[in-house]
Amino acid sequence: MFSKILIANRGEIAVRVIKTCRRLGIATVVVYSDADAGSMAVEMADETVHIGPSPANQSYLVADKIIDACKQTGAQAVHPGFGFLSENASFAQRCADEGIAFIGPNPGAIRAMGDKIESKKFAQAAGVSCVPGHIGEIDDTAHAVKISEEIGYPVMIKASAGGGGKGIRVAWTRQDVEEGFPAVRAEAKASFGDDRIFIEKFIVSPRHIEIQVLGDKHGNVVHLFERECSIQRRNQKVIEEAPSPLLDEATRNAMGAQAVALSKAVNYDSAGTVEFVAGQDKSFFFLEMNTRLQVEHPVTELITGLDLVEQMIRSAWGEKLAFEQKDLKINGWAIESRIYAEDPYRKFLPSIGRLVRYDPPEEGQHDGYIVRNDAGVREGDEISMFYDPMISKLCTWAPTRIAAVDGMGRALEDFHIEGLGQNIPFLNAVMDQERFRSGQLSTNYIKDEFPDGFGGTEPTPAQIDILTAVGAAMQRVYAARARTNVAGLNGSVRDEWVVAVGHAKRRMKLSGDEDMTVELLDEGRSLILSDIVWRPGKPVFRGVLGGAAFTVQVAPAAEGFTIRHRAAKARVLVLTPRSADLHDKLPEKQAADTSKLVLSPMPGLVVSMDVTAGQQVREGEVVCVLEAMKMQNIIRAERDGVVKAVNAKGGDPVAADEVLVEFA
C-alpha cells in the first residue's frame, strides 16, 4: 500500500481524504494557496507545500506545481478530490509519466468519458440513449443561436469541461443564448481553463439520477446503486439522497447495468458516476459521466457501508475489488444537504466572510437517525471569494426515507452559523414541505416551490407555541437576573406576560423552574417546557416542548427577541399587559425608498458596467455584470429610467448593498 499520498485539493474534500488515509496508516501531503494557508486541511496534514496565489489558475490548476510538490515530498500518489485537476486527462497522464500514481481512472477513460462532448459521441456509438443535442464544439454566439434554434428551445448551454454547476445556463429564448453563451464561456475558462461549449435539449420537469460505479485495474466493475440529485439551484446540486424515491427495482437494475456496461467499454477503474436525466415515467437518458469522486458520495457510503476514498486508493494500488455485485445491498436511506455561504433571503447570492460562530450538530447516533458532517472549516475561518462557497455537507441516515428527512430537519435545527449568510433556513423549509416529503421531485423543484425567491416561512401553530414558550422563558431569566443585580433581591419576578409573535398577541402565565408550565390563558391549555439548554448570551436555545425536542436560534431585540425555528423567523415581544396596550398605538416604521438605486446584491468584482450617465434604460436591460466565487451574475434594471450617476467601473471590487447606479 502507498506510504504517502499528496492531496491536490482543498477544503472539505482534502479533510475527507486525510481522514481515510489516517485510518489506513498513510501519510498525507496537502498543497495550499495563499487563501488556504491557515486552513483545517493544512493543519491536519502530515506535510504541506505552498503552491502559489489564491486564484485557482495560479495554484490548484497548475499541474507543474502539483508534480513538483510530489517530488519534493516523496509522495507516491496524488488524490485529486473533485474539481480542479480531477478530470484532467493530461494531468493523469503526466502523473503516470512521472511514476506517480493517479488516484482516479486511467487517462484513457478520462479522455473517453470526462470530456462532455466526446462522452456523448462515445455513448451514441455504443448505442446508449442520449439527450438530443449538438455533439460538437461551437464557434461563437451566432453559431450558438443557430444551433439552439435548430434543436428548439429550451436548450442547455454547457461547458465541455464543466462540473459542480459551473458553466451551465438554460436558455429559453434567443436573447438568453446571446447573453448566456459568452457568460458560460467566461465561467468555463475561469473555472476549468477550457472554454469549449456544447448545447443540448433541455428536458422539462426532469429528474437527475446518477449511478455510482466502482472499478479496478483487472476489468471488474460494479455499481453502488443510485443517488437522486434533483433538488438543484442554478444547475448546482443542493440536496441529494440515496436511493431515489422514483426508482423501482427493475429500473434501478437497468440503469445500473447500463452504467456498468458503459464503464467496462472504456476500461474504467476507480470511482466514477454515470449521470442520467430521468422522466417521471422512469424513462432515462445518458447525460454524462463524471470521472472522479462526486461531492455527494457520502450518501452512497451511508447506504452501502463502503468508504469510496479507500476503494479509490486500493484500486490505484492495483488491488482487485473485494466484492461482487451480488454482495452489495441497499441499507436504509441517506440525505445530504449542502450548507452554502449564500443568502437565501437575497436570491441565494454568495455571502463571503468569516465564520464568527460555527457550531454544527453532533455527529453519530441520535434518536432514530445518524448524523455525519463533512467539513473543511472551523469557527473563525473565512469563506473565500476565490473558491466554491460550500461550508459543509450535512448528512443523515435512517432506516426509512421519512425518518432520514425528519433527522435532517432536526440536524439542520442544531446547526448554528454566524458571520455570513447561509442557506440552512432554506434547507429546513424544503425538509418540511409535503411535496419533498412525498418524493415528488424534479430539477424544477426550487423554481416551482419558490417562484418569488425565498423569504422564510410563516410559523405553524406548533412553531408559534415554541416561539411563545422560548420568548417567555428567556424573559423570565433576564428579569430574574435584573432583579438580583439591580435590587440585590432574590424575590419572585412577574409570571404573567403578553407575548407577541408578529401581530398576534397571547396572554400567558409561566410557572416552575426546571420544568416550566406555560399556561395560554385565552386558549385554556398548558404546555410543559423542559430539558432547557440555554443561558443569557447564548445564541442557541434547546429544549423539549410537549414531549418534542427542538432547537431555535435566538438573539436579543428591543422588548423581546428575534427567534428562528427552522425556516420560520419572528420578532417575539414579551410585554407587560400595559406595554401591550400601548404597542397597538405605535405607528408602523416606513422602509427606506431604494427604487431609484441599483445596489450590489453581494460582495464581488465588477466585470463590466454596461450603462453610462444620461443613458435611457428599459426594465430588464443589463446594467452590469458582477463576479463572485467564479460565477458571473447579470444585474438588470428593475424599472425604466434615465441613469443619473454610475458609481463603479469594470475591475472595481464592491461590497454588498453598495450603490452601483442611481436613476434620476
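Okay, so let's go over this structure. (Residues numbered from 1 in each chain as written. Predicted model: local features only at pLDDT ≥ 70, side-chain atom pairs only at ≥ 80, totals over all residues. Heavy atoms only, no water.)

**Topic: the overall build of the protein chain**
Tallying secondary structure elements over the protein chain gives 17 helices and 40 strands in all. A compact globule built from 664 residues would reach a C-alpha radius of gyration of about 26 Å, and the protein chain, at 27 Å, matches this within 12%. Out of the 664 residues belonging to the protein chain, those deemed buried represent 55%. Excluding contacts between residues fewer than 6 apart, the proportion of contacts in the protein chain whose partners are at least 24 apart in sequence is 64%. Of the accessible surface of the protein chain, which amounts to about 26800 Å², a share of 50% is contributed by carbon and sulfur atoms. (Helix = DSSP H or I, 4+ residues; strand = E, 2+ residues; numbered from the N terminus. Rg over C-alpha atoms; globule rule 2.2 N^0.38 Å. Buried < 20%, exposed > 50% of the residue type's maximum accessible area, 1.4 Å probe, protein only. Contact = heavy atoms within 4.5 Å. Areas by Shrake-Rupley, 256 points an atom, 1.4 Å probe, with all protein chains shown as cover.)

**Focus: the sheet that holds strand β15 (residues 333-340)**
Each strand in a sheet pairs with another by means of backbone hydrogen bonds, the pair being arranged parallel or else antiparallel. One open sheet accounts for 9 strands, arranged β14-β13-β10-β11-β12-β15-β23-β21-β20; its pairing is antiparallel. On the outer flanks of this sheet lie β14 (284-290) and β20 (364-365), each paired with one strand and no other. Here 9 bridges tie strand β10 (residues 207-215) to strand β13 (residues 270-278), and the two strands are oriented antiparallel to one another. Of the residues in β13, the one forming a bridge with Gln212 is Thr273. On the sheet, helix α9 (residues 249-265) packs against β10, β11 (221-233), β13 and β14 and is oriented at approximately 110° with respect to β11. (Pairing = 2+ DSSP bridges. Axes fitted to C-alpha atoms, helices over the stretch in contact; angles between N-to-C directions.)

**What to know about the packing of aromatic side chains**
Applying the stated criterion to the full structure yields 19 aromatic pairs. Each ring, one from Phe386 and one from Tyr387, has its centre 6.3 Å from the other, and the planes form 55°; the classification is tilted. A residue is classified by how much of its surface remains accessible, and Tyr387, at 2% relative accessible area, is buried. Geometrically, the ring pair formed by Phe426 and Phe454 is edge-to-face, given 5.6 Å between the ring centres and 85° between the ring planes. (Phe/Tyr/Trp six-rings, centres within 6.5 Å; stacked < 30°, edge-to-face > 60°.)

**Quick look at the pairing of strand β26 (residues 504-511)**
In terms of strand pairing, strand β25 (residues 496-501) meets β26 through 6 bridges, oriented antiparallel. Looking across to β26, one finds that Val499 is bridged to Arg506. Two elements, β26 and strand β27 (residues 516-520), share 4 bridges in a ladder whose sense is antiparallel. Residue pairing in the sheet places Ser511 in a bridge with Thr517 of β27. Here β26 folds back onto β27, and the loop between the two strands holds 4 residues, one of which, Gly512, carries a positive phi near 95°.

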